[in-house]
Amino acid sequence: MSDIFVLIEHRQGKIRDISFELLNCGRKLAEKTNSNLTALLLGYNTENFVEKIKSQAHRILVINSEVFKDFNSESYQIALSEILKKETPFITLIGHTACGMDLCPALATQMEFPFTTDCLDVDVVENKVKVTRQMYDGKLNAKLIIRENPSYLFTLRAGNFPSEESSLKTEIINIKSSVTEPDYRKFVEYIEAVAGDVDITKSDIVIGIGRGIKEQENLSMIEEFADNIGGVVACSRPIVDADWLPKDRQVGSSGKTIKPKLYIAIGISGAFQHITGMKGAETIIAINKDPNAPIFNEADYGIVDDLFKVVPVLKEKVMELK
Amino acid sequence: MDIIVCIKRVPQTAEAEVTIDSSGKDIEKDRLSFDINESDSYALEEAVILKEKFGGTITVISVGYQDTEDTLRIALAKGADNAIRVKAEDFEHIDGYKTSQILKSVIEKESYDLIFAGCIATDDAYSQVGVTLAELLNIPHASLVINIDTSENRADVNRELEEGLMGHLDISLPALFTIQTGINEPRYASLIAIRRAAKKEIKVIGQEEINKDNLLLNTEIEELFIPPKTKEVEILTGSPAESASKLAEIFKEKGLI
Amino acid sequence: MNFGLTNDQKMLQSEVRKFAENELAPLAPEIDISGEFPKESIKKLAELGLLGIFVPEKYGGSEFDYVSLAIAVEEISRACASTGVIVAVNNSLCAYPIMQFGTEEQKQKYLPLICSGEKIGAIGITEPNAGSDVAAMETTAVMEGDHYILNGTKRFITNAGEAGIFVIFAYTNKELKHKGISAFIVERDTPGFSLGKHEDLMGIRATANCELIYEDCKIPKENLLGEEGQGFYICMNTLDVSRIDIGAQAVGISQAALDEAVKYSKERVAFGRPICKFEMIQNMLAEMATQIHAARMLVYYAAWCKDAGIKRFSKEAAMAKYYAANISVDVTRKAVQIFGGYGYSKDYTVERLYRDAKILELYEGTSEIQKVVIASELLK
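Residues numbered from 1 in each chain as written. Chains lettered and ligands numbered in written order. Predicted model: local features only at pLDDT ≥ 70, side-chain atom pairs only at ≥ 80, totals over all residues.

Q: Lay out the overall build of chain A in plain terms, naming residues and giving numbers.
A: Each helix and strand in chain A was counted, giving eight helices and 17 strands. In terms of C-alpha radius of gyration, chain A reaches 22 Å, essentially the compact-globule figure of 20 Å for 322 residues. Counting only C-alpha atoms and orienting by the principal axes, one finds that chain A spans roughly 65 × 45 × 35 Å. Split into buried and exposed, the 322 residues of chain A put 53% on the buried side. Taking all contacts inside chain A whose residues are at least 6 apart in sequence as the whole, residues at least 24 apart take part in 64%. (Helix = DSSP H or I, 4+ residues; strand = E, 2+ residues; numbered from the N terminus. Rg over C-alpha atoms; globule rule 2.2 N^0.38 Å. Buried ≥ 20, exposed ≤ 12 C-beta atoms within 10 Å, placed from the backbone. Contact = placed C-beta atoms within 7 Å.)

Q: Explain the overall build of chain B to me, using residue names and the numbers behind them.
A: For chain B, the count of helices and strands is six helices and 13 strands. The principal-axis extents of the C-alpha atoms in chain B amount to approximately 65 × 45 × 40 Å. Residues counted as buried form 50% of the 257 residues belonging to chain B. Taking all contacts inside chain B whose residues are at least 6 apart in sequence as the whole, residues at least 24 apart take part in 70%.

Q: So what's going on with the nonpolar core? Residues and values would help.
A: In terms of nonpolar packing, the biggest core is built from 258 residues, with Val5 of chain B together with Ala70, Phe184 and Val299 of chain C touching the most fellow members. With 16 residues, helix α7 (residues 231-267) of chain C is the largest single contributor of residues to this core. When near neighbours in sequence (up to four residues on either side) are disregarded, Val5 of chain B contacts Ala43, Leu44, Ala47, Ile58, Val60, Ala80 and Phe116 of chain B. One finds Val206, Ile285 and Leu314 of chain A together with Leu236 of chain B within the second-largest nonpolar core, a separate group that totals 51 residues. (Core = buried A, V, L, I, M, F, W, Y, C linked by C-beta atoms within 7 Å.)

Q: Could you give an account of the environment of Leu103 of chain A, naming the residues involved and the relevant values?
A: Residue and element names in this part refer to chain A. Residue placement: Leu103 occurs in helix α4 (residues 98-111). Leu103 gets classed as buried once you count the C-beta atoms within 10 Å, which come to 26. Along the sequence, Leu103 and Ser75 sit 28 residues apart, while their C-alpha atoms lie 9.8 Å from each other. Apart from residues no more than four positions distant in its own chain, Leu103 is found in contact with Ser73, Tyr76, Gln77 and Ile94.

Q: Hey, could you go over the sheet that holds strand β14 (residues 232-235) of chain A for me, with residue numbers and the actual values?
A: Here we have six strands laid out as an open sheet, ordered β14(A)-β13(A)-β15(A)-β16(A)-β17(A)-β13(B), and parallel in their pairing. Each edge of the sheet is formed by a strand with only one pairing partner; in this case those strands are β14 of chain A together with β13 (234-235) of chain B. Two elements, strand β17 (residues 301-304) of chain A and β13 of chain B, share two bridges in a ladder whose sense is parallel. Across the sheet, Gly302 of chain A pairs through a bridge with Ile235 of chain B, a residue of β13 of chain B. The strands that helix α5 (residues 219-229) of chain A touches are β13 (205-209), β14 and β15 (262-266) of chain A; relative to β13 of chain A, the one it contacts most, it runs at about 165 degrees. (Pairing = 2+ DSSP bridges. Axes fitted to C-alpha atoms, helices over the stretch in contact; angles between N-to-C directions.)

Q: Lay out the interface of chain B and chain C with the relevant residues and their values.
A: When the parts come together, some accessible area is lost, and that loss is often what is quoted as the size of the interface. Residue-level contacts link twelve residues of chain B with 18 residues of chain C. Those elements giving two or more residues to the side of chain B that touches chain C turn out to be α2 (68-78) and α5 (191-199) of chain B. When residues of the side of chain B that touches chain C are assigned to their parent elements, the largest contribution, five residues, is made by α5 of chain B. Grouping the amino acids of the side of chain B that touches chain C by side-chain chemistry returns eight nonpolar, one polar and three charged. (Nonpolar A, V, L, I, M, F, W, Y, C, P; charged D, E, K, R; others polar.)

Q: Please give an account of the interface of chain A and chain B that cites residues and values.
A: Each side of the interface is counted separately: chain A has 77 residues, and chain B has 73 residues. Considered class by class, the residues forming the side of chain A that touches chain B number 34 nonpolar, 16 polar and 27 charged. The pairing of strand β12 (residues 185-191) of chain A with strand β9 (residues 166-172) of chain B spans six bridges and is classified as antiparallel. Its bridge partner being in β9 of chain B, Ile191 of chain A is matched across the sheet by Met166 of chain B.

Q: Requested: an account of the domain arrangement of chain A, with residues and values cited.
A: Residue and element names in this part refer to chain A. Domain boundaries in chain A define domain 1 (4-174) and domain 2 (200-321). Opposite the seven residues of domain 1 that make contact, domain 2 presents seven residues. When the residues that make up the side of domain 1 that touches domain 2 are grouped by side-chain class, the tally is one nonpolar, three polar and three charged. (Domains from an automatic or database assignment.)

Q: Pulling in residues and values, what's your account of the sheet that holds strand β6 (residues 91-95) of chain A?
A: Across the sheet, which stays open at both edges, the ten strands sit in the order β11(A)-β5(A)-β4(A)-β1(A)-β6(A)-β10(A)-β7(A)-β8(A)-β9(A)-β12(B) with mixed pairing between neighbours. Two strands in the sheet have a free side with no partner beyond their single neighbour: β11 (171-174) of chain A together with β12 (219-225) of chain B. Strand-to-strand twist of the sheet, defined as the mean angle between neighbouring strand axes without regard to direction, takes the value 30 degrees. Here strand β7 (residues 115-125) of chain A runs beside strand β10 (residues 152-156) of chain A; their pairing, made up of three bridges, is parallel. Bridge pairing in β10 of chain A links Cys119 of chain A to Leu156 of chain A. On the sheet, helix α3 (residues 73-87) of chain A packs against β4 (37-43), β5 (59-64) and β6 of chain A and is oriented at approximately 150 degrees with respect to β4 of chain A.

Q: Account for helix α1 (residues 17-32) of chain A, with residues named and values stated.
A: All names here are of chain A. Its 16 residues place the ends of α1 23 Å apart at the C-alpha level, agreeing with the 22 Å of an ideal helix rising 1.5 Å per residue. Burial analysis of α1 places twelve of its 16 residues in the buried class, which makes it a mostly covered element. By the burial criterion, the buried members of α1 are Ile18, Ser19, Phe20, Glu21, Leu22, Leu23, Asn24, Cys25, Gly26, Arg27, Leu29 and Ala30. Looking one or two places after α1, you find Asn34, whose phi comes out positive at around 55 degrees. (Expected span 1.5 Å × (residues − 1).)

Q: Describe the pairing of β10 of chain A, listing the residues and the values that go with them.
A: Residue and element names in this part refer to chain A. For β10, the tally of buried residues reaches five of five residues, placing the bulk of the element in the interior. Here β10 shows no split at all, with Tyr152, Phe154 and Leu156 on one side and Leu153 and Thr155 on the other all buried. The sheet contact formed by β6 and β10 spans five bridges and is parallel. When the sheet's bridge partners are listed, Ile94 is paired in β10 with Thr155.

Q: I'd like a description of α4 of chain A, backed by residues and values.
A: All names here are of chain A. Along its 14 residues, α4 runs 21 Å from first to last C-alpha, staying within 8% of the 20 Å computed at 1.5 Å per residue. Its axis deflected by about 25 degrees at Cys104, α4 carries its strongest bend there, up to four residues before the proline Pro105. Counting buried positions along α4 gives 13 out of 14 residues, so the element sits mostly inside the fold. Backbone geometry just after α4 places Glu112 at a positive phi near 60 degrees. (Bend = angle between axes of the 7 residues up to and from the residue.)

Q: Give me the packing of helix α4 (residues 66-79) of chain C against helix α5 (residues 81-101) of chain C: which residues, what numbers.
A: All names here are of chain C. Two elements in contact, α4 and α5, have axes whose closest approach is 7 Å; the angle formed by their N-to-C orientations is 155 degrees. Between α4 and α5, the angle falls in the class roughly antiparallel. In this structure, α4 contributes Leu69, Val73, Ile76 and Ser77 to the contact, and α5 contributes Ala81, Thr83, Gly84, Val87, Ala88 and Asn91. (Parallel < 35°, antiparallel > 145°, perpendicular 65-115°, else oblique.)

Q: Describe the packing of helix α9 (residues 314-339) of chain C against helix α10 (residues 349-358) of chain C, naming the residues involved and giving the relevant values.
A: Residues and elements named next belong to chain C. Put simply, α9 and α10 touch, their axes get as near as 9 Å, and they point 160 degrees apart. As judged from the angle between their axes, α9 and α10 are roughly antiparallel. When the axes of α9 and α10 are compared, the crossing they make is left-handed. Contact with α9, carried on its side by Ser328, Val329, Thr332, Arg333, Ala335, Val336 and Phe339, involves Val350, Glu351, Leu353, Tyr354, Ala357 and Lys358 of α10 and no other residues of that element. Here the contact of α9 with α10 is composed, by residue class, of eight nonpolar, two polar and three charged. (Left-handed = near helix turned anticlockwise from the far one by under 90°.)

Q: Describe the confidence of the model for chain B, with residues and values.
A: Summary statistics for chain B give a mean pLDDT of 94 and a share of 100% for residues scoring 70 or more. The ipTM value of the predicted complex is 0.92, and its pTM value is 0.89. (pLDDT = per-residue confidence, 0-100.)

Q: Hey, could you go over the pairing of strand β2 (residues 140-144) of chain C for me, with residue numbers and the actual values?
A: Residues and elements named next belong to chain C. Pairing of β2 with strand β3 (residues 147-157) involves five bridges; the strand directions are antiparallel. Note on β3: the bridge partner recorded for Thr140 is Asn151. Linkage of β2 to β3, two consecutive antiparallel strands, is achieved through a turn of two residues, within which Gly145 is found at a positive phi near 65 degrees.

Q: Report on the environment of Thr283 of chain A, specifying residues and quantitative values.
A: One can find Thr283 of chain A in strand β16 (residues 283-288). Once residues within four sequence positions are removed from consideration, Thr283 of chain A is found in contact with Lys261, Leu262 and Asp300 of chain A together with Lys254 of chain B.

Q: How would you explain unusual backbone geometry if you had to name every residue and give the values?
A: Of note, the bond from Leu173 of chain B into Pro174 of chain B is cis; its omega dihedral lies within 30 degrees of zero at 0 degrees. The topology assignment puts Pro174 of chain B in the loop between β9 and β10 (175-179). Within the chain, Asn34 of chain A stands out as a residue other than glycine whose phi angle is a positive 55 degrees. Along the polypeptide, Asn34 of chain A turns up in the loop between α1 and β4. The exposure class of Asn34 of chain A is exposed, given the 7 C-beta atoms found within 10 Å. The backbone of Ala208 of chain C sits at a positive phi, close to 50 degrees, despite the residue not being glycine. Take Ala208 of chain C: it is sitting in the loop between β6 (193-198) and β7 (210-220).

As structure tokens, then:
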């Protein structure tokens, strides 16, 4: 067998969006390599999940066990290594998510598969496997040639293979597993973010601030602007790291995903983790001093200038026009 | 509690212009400044916090060129006790996987309760060295760790998942954690600590102590290129006042205000 | 010959630079406008050991050398000129004379307070009618029992508004002319001391620059620094060291201006291309970079002389201070020129740097006085 495999990711009873992107990417790869796509589903009460992904792959290998109710990379690794040993797939794709980052390097290392992480694309050219990924704060892309081997493992970044309809005839294979959660790493519980006073996912206008804001005192200028324009203030990760805004204001992969009518990114360079959280906004504005900041690749309108000069004027003009 | 912290010296590219060099496979580094990788500095700080609480020693290790010793010395000034540099110049190509293999062959000779690494390096952005290293050493791991509460032989850690959610794990030691930024507030080194650290010896390890032949390279850079534009942005030009006025007009037109 | 920095100097440079960029630079525009003394920053500087850079560890200092002092002041000034001179004064104009000329008791009592930032240091030389002509000072200290009674006014005193410990110069014997000047350690809460006018300065605006007024101020006699009549010597000796600092401050301000100018010249487009493509801009940038490099070498050399134990380095210190101050005014002017009209706006950093630079030619000996020092050494 030299199938394409994808790992279905789920959390708290729901299949995560990345799974459909993996299935889409996997189908494309399977088509290109004349092979089949197999979805790996490790979970508990998997019937619902199977229903959701049926017709998206040629096969679904299912392990239905309470051990896999919540993600624990060590339990996953034990079960998956057994399957991969037996099945020897050509390429296995896992999401570049908190789960994937925890699992892929360890699993691949155990299997002695060449692997790489955070791929934007995986391609097979004349029997060579090549991947595209980003480096240097998203400022450059790199094409990598992967060491030749019968099997490979990659994590795929979200956002490049939007989920698509598919009508494959799907074979569902249930696998018995005796895997138990190892004592050396136990999943205890999920801890939800503490809800704050502002819900940034509910506002039509969101002003996002990043490193460029330089110091906490400058927040008040942005807050005034947000009040004027009728929006709320959100931020990228460094602002939360510095404790200038609470975690529930963070937009991005480890924060919230927002889809406002208007998103104004102020002093945000645009790391992909942030982009992931805001690219669904209808109109995106970027104000940044650095003309090469990746945020401008996502914006509809941009101003390349010092935010401290632009924002005060913008505030005035908005007041005038309102 | 003995802790090993894996650190990397990286070019500071977040706010700098990044250009591709003539080989097409690397970047121009002459004009960039270098410093400890961001999440590594949090990893180091977390180790220092634990050392202040439980005692023990901290060893910092880096695979890097000669100038990496400057970064290691700063780590000594911030609270590490020992520093090891593995000579990057002894290895032709190095990727994330190879780095982990090299680190493994050094660390397996050391004793430790915990190993920390940053959760991602800002240059090659792999997020894989720490977890790979844990697997090679055959110890449990947790990545993206945002809180650590440790007793003698176990640790309660919170991993940062998506959408503000955290996953709480209970892990036996020795273990490896990759540390997420924001877990603490990294300190600056005081002058006195710098003066003391400047005199400390940094252990330098070359290829003779690492079996180079068994090292595998997973990846090879074929080319670097500027990311294609996915969206055409309209840049509003003029003085700050002019561009801001244009933008306000756009808000008005689109009925956003 | 070795132009390289030592390990500890390199580390100090990188750590102070990082600290200054992250913690001081963001506050610089704000305190320039408000004139507010950066107390929080001073606390952090104290924690890192930057308030007693060359003071021995046993007195609470960091025990670095004078090249390190220059590097630190340069890096701090690059981010914030006000903070740069606050640090320079605390180190070279207050801690230094006490360390150099103080008794063991004085050192033990005052240096730890200065190094820890518990008390900020200042120095009182200048008076309303005595600037370059130090010996024209009118302040007097008259011995009465076990006290000196201090009377007089000091003007343009950096740190004055916030300082707790002052090194004050006064005549104990006017007839002996400059040989009748003595130095005293004066604590802020001494009865008879009051703060006068706060100066609204053109640059370095956050330095709590005030007038000091002494009216029958009783100073315990054990607070005499050095011997009676040694004041002028202490003053000149101290200024030799502090001129290294001011040179370093000039280099820092100039470097900040060059950094801004290089960046702006690449971004700003005129006549269809970035202005850095124009030779006249390149000409200015090249001159600025060379001037800064030469100034830095002079400053480091003067500091090296002090570290090497060379007894007289008045000429080297004066050259460093004179040249660095001179080019700093020119470099910041050029930076403003490159920015064009924007450079004249408070919205841009170079406007502040230009104002900050001018003081360098005036304080701790005007440029004219530096040339007098240099020439007098030549004509000896």
